[in-house]
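# An overview of the molecular structure
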Amino acid sequence: MATGFAWRQALPSLPLLEWGRRYDRETLMGDGVAALIVTIMLIPQSLAYALLAGLPPEVGLYASVAPLLLYAVFGSSRVLAVGPVAVVSLMTAATVGEHAAAGTAAYWQVAITLAFLSGAMLLAMGLLRLGFIANFLSHPVISGFITASGLLIAASQVKTLMGVKAEGHNFVDLLAALARQASNTHWLTLTVGVLATAFLFWVRKGLKPLLMRWGIGPKVADIITKAGPVAAIAITTSLAWGLGWREQGMKIVGAIPQGLPPLTLPTWDAALWRELAVPALLISVVGFVESVSVGQTLAAKRRQRIEPDQELVALGASNLGAAFTGGFPVTGGFARSVVNFDAGAQTPAAGVFTAVGILLATLLLTPALYFLPQATLAATIIVAVLSLVDFGVLKRTWFYSKPDFVAVAATLLATLAVGVETGLLVGVGVSLALHLWRTSRPHIATVGLVAGTEHFRNVLRHPVRVSPALLSLRVDESLYFANARSLEDRVNDAAAAQPALRHVVLQCSAINNIDASALESLETIEHRLRDAGIALHLSEVKGPVMDRLRTTEFLRHLSGQVFLTHFQAVAALTPDVLNGTATATPTTLDREPSHA
């Protein structure tokens, strides 16, 4: 019975069954309006992100149908909109470009295989409940990575605005290639691209306030604003057709196949799978982190919640759906999800309606996009990704946490200088290294009694009472192999510096775990203190830690006692402190006075 229950717990749930039972006409109206707005926004984005990934534009539409339908079944967020996004498209281009030339059938096949592997990994992580893996990507690392990716994406689209060919494996190479091609700029293309970019920036910031000043309601004004990219596409496509821009050398999208997304299969090549495994994992984790961050933020506004492990299953199913319908890796997009939320979406059914809208576009609208200038799609990408760039994170982390600043700067520079995959790995590596460095140097405060209370505070920050016969140390970190030696050194230094010392009490209120290496260090400390005629005591040991210590010889051979509270320890060992008037004087043994 227990095994059967555990198996059922591992199976993915169907949130559809929960919200579907309460679906009514009012919810339908909210989802329908939201779907209309998101569809208008998603059509140009899907085309643009497919080109960013190095794929034909129709692939972006294909990647926006099945993922939305599958997420509606498995997703736990009510408003997350799944589809192609800028950062994942860039990572796709960087990965697939190493195995095939852009624009070829082989390139598309590798992209499909990448989506399949990403989906399989996400689904497996969800079934194994490995959502905690995303915790290894800190917010500073993600911020630095997304900022650098935004700059890379924008730089990669400048060549399309200029109408030139310019390639580069990193930001510096791209800028150098653009500089070399400056004399070959196609000025008509550049003019259209710059005007389209300026128009889209103005639409994003200034159109809605203007419409509301004219008396148009907020919802209608919002729909019109979100249709800005569609308007840019319609205007430039009409002009390109009417004025013969193609004959004047401007690059256009050309023929886009009309019809339903095709049924496709990944490449069953073990060697290719091995080469794509690490990039697929990185794409999966980045997509999952972005999706969960957006989903949790929007869910909190409505006092809802999402399940990270369920999101892994939903995103896995979405990517598998993309792989079998001619798409490429997808995830929950920030911009379209916020639009979906603001437009009043109540359930994932809004995604279903959006998928229907995209499907109709692939069936009916693609012939009208033949004369669409590629510069217009490049402008759409630039405007979208520059909103992701956040240089302010450098200033914030510099003033708040220098290690976090190092992580942000390392991620940003590595991504710009080397590439997206290496940049992300550098960021994760630097974050883990800094974490080990910080925890290997735990803050250990000498504490004393605050007069008239039962509270103990750092002697460097508060006037407190202490006794030369007693050393109270508060260890503000769990003890493990990397930092156990620091505690040994601190106690040894104190024993040598205080001839009158008779008792050492470790206040363990902040210690959540003691590993085997740290236990050996505690045993060493206890032996050395006993040989010096000093007793070692513990106070405020947490229950789980005490449970493990009771199974060892350490407590049975402890020269001192284990006290429930630190006040009881001081009262029992040096009662004069309770009535004394001595104030602690900072010593060279006390470090990091910023702690309480």
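Below is a summary of the structure that appears in this document.

## Some words on the packing of helix α13 (residues 270-301) against helix α14 (residues 308-323)
At a minimum axis separation of 10 Å, α13 and α14 run at an interaxial angle of 125 degrees. Comparing their axes, α14 and α13 come out oblique. The element α13 and its partner α14 pack so that their crossing is right-handed. Residues Gly287, Phe288, Ser291, Val292 and Gln296 of α13 pack against Pro308, Glu311, Leu312 and Leu315 of α14.

## Considerations on a nonpolar patch on the surface
Together, Val356, Leu360, Leu364 and Leu365 line one region of the surface with nonpolar side chains, adding up to about 370 Å² of accessible area. Checked against the element boundaries, Leu365 lands in the loop between α16 (349-364) and α17 (374-386).

## A short note on the nonpolar core
Counting residues in hydrophobic clusters, the biggest one holds 95 residues, and the most contacted among them are Leu47, Met91, Phe328 and Leu424. Beyond its immediate sequence surroundings of up to four residues, Leu47 is in contact with Pro57, Glu58, Leu61, Ile256, Leu369, Leu372 and Leu377. Of all hydrophobic cores here, the second largest spans 29 residues; its members include Val491, Leu506, Ile511 and Ile525.

## Regarding the sheet that holds strand β3 (residues 444-449)
Think of a sheet as strands paired side by side through backbone hydrogen bonds, with each pair either parallel or antiparallel. One open sheet holds the 6 strands; their spatial order is β4-β3-β5-β6-β7-β8, and the pairing between them is mixed. Both edges of this open sheet fall to β4 (456-458) and β8 (562-563), since each of them pairs with a single strand only. Judged from the 3 bridges that link them, β3 and strand β5 (residues 470-475) form a sheet pairing that is antiparallel. Residue pairing in the sheet places Ile444 in a bridge with Val475 of β5. Here helix α22 (residues 516-531) sits on the sheet in contact with β6 (503-507) and β7 (535-539), set at roughly 140 degrees to β7.

## Regarding the side chain of Thr113
Along the chain, Thr113 turns up in helix α7 (residues 105-127). Judged by relative accessible area, Thr113 falls into the buried class, the value being 0%. Excluding anything up to four places from it in sequence, Thr113 contacts Pro266, Thr267, Leu272, Trp273 and Leu276.

## Structural notes on the pairing of β7
Of all 5 residues in β7, 5 are buried, a share of seventy percent or more. On β7, burial covers both faces: Ala535, His537 and Ser539 on one face and Leu536 and Leu538 on the other are all buried. Bridge count for β6 against β7 is 5 bridges, and the pairing is parallel. Paired with Leu506 across the bridge in β7 is Leu538.

## A few points about unusual backbone geometry
Despite not being glycine, Arg129 shows a phi value in the positive range, around 55 degrees. Checked against the element boundaries, Arg129 lands in the loop between α7 and α8 (139-162). Backbone geometry places Glu540, a non-glycine residue, at a positive phi of 55 degrees. With respect to the helices and strands, the residue Glu540 is situated in the loop between β7 and α23 (543-549). Overall, Glu540 belongs to the partly exposed group, its relative accessible area being 25%.

## Looking at the packing of aromatic side chains
Given two aromatic rings, one states the distance between the centres and the angle between the planes to describe the pair. A complete count under the given rule lists 9 aromatic pairs for this structure. Both rings, one in Phe199 and one in Trp202, keep their centres 6.3 Å apart while their planes meet at 40 degrees; by these two values the pair is tilted. Here Phe199 pairs with Trp202, and both are found in helix α10 (residues 187-213), just 3 residues apart, close to one helical turn. Overall, the relative accessible area of 29% leaves Phe199 in the partly exposed class. Overall, Trp202 belongs to the partly exposed group, its relative accessible area being 40%. Relative to Phe481, the ring of Tyr480 lies with its centre 5.0 Å away and its plane at 80 degrees, an arrangement referred to as edge-to-face. The class for Tyr480 is buried, based on a relative accessible area of 17%. Among the residues examined, Phe481 registers a relative accessible area of 56% and is labelled exposed.

Scoring rules and cut-offs
- Residues numbered from 1 in each chain as written.
- Predicted model: local features only at pLDDT ≥ 70, side-chain atom pairs only at ≥ 80, totals over all residues.
- Heavy atoms only, no water.
- Axes fitted to C-alpha atoms, helices over the stretch in contact; angles between N-to-C directions.
- Helix = DSSP H or I, 4+ residues; strand = E, 2+ residues; numbered from the N terminus.
- Parallel < 35°, antiparallel > 145°, perpendicular 65-115°, else oblique.
- Left-handed = near helix turned anticlockwise from the far one by under 90°.
- Contact = heavy atoms within 4.5 Å.
- Patch = residues over 30% accessible without salt bridge, like charges linked within 9 Å, V, L, I, M, F, W, Y side chains within 5 Å.
- Areas by Shrake-Rupley, 256 points an atom, 1.4 Å probe, with all protein chains shown as cover.
- Salt bridge = Lys/Arg side-chain N within 4 Å of Asp/Glu carboxyl O.
- Core = buried A, V, L, I, M, F, W, Y, C linked by side-chain atoms within 4.5 Å.
- Buried < 20%, exposed > 50% of the residue type's maximum accessible area, 1.4 Å probe, protein only.
- Pairing = 2+ DSSP bridges.
- Phe/Tyr/Trp six-rings, centres within 6.5 Å; stacked < 30°, edge-to-face > 60°.

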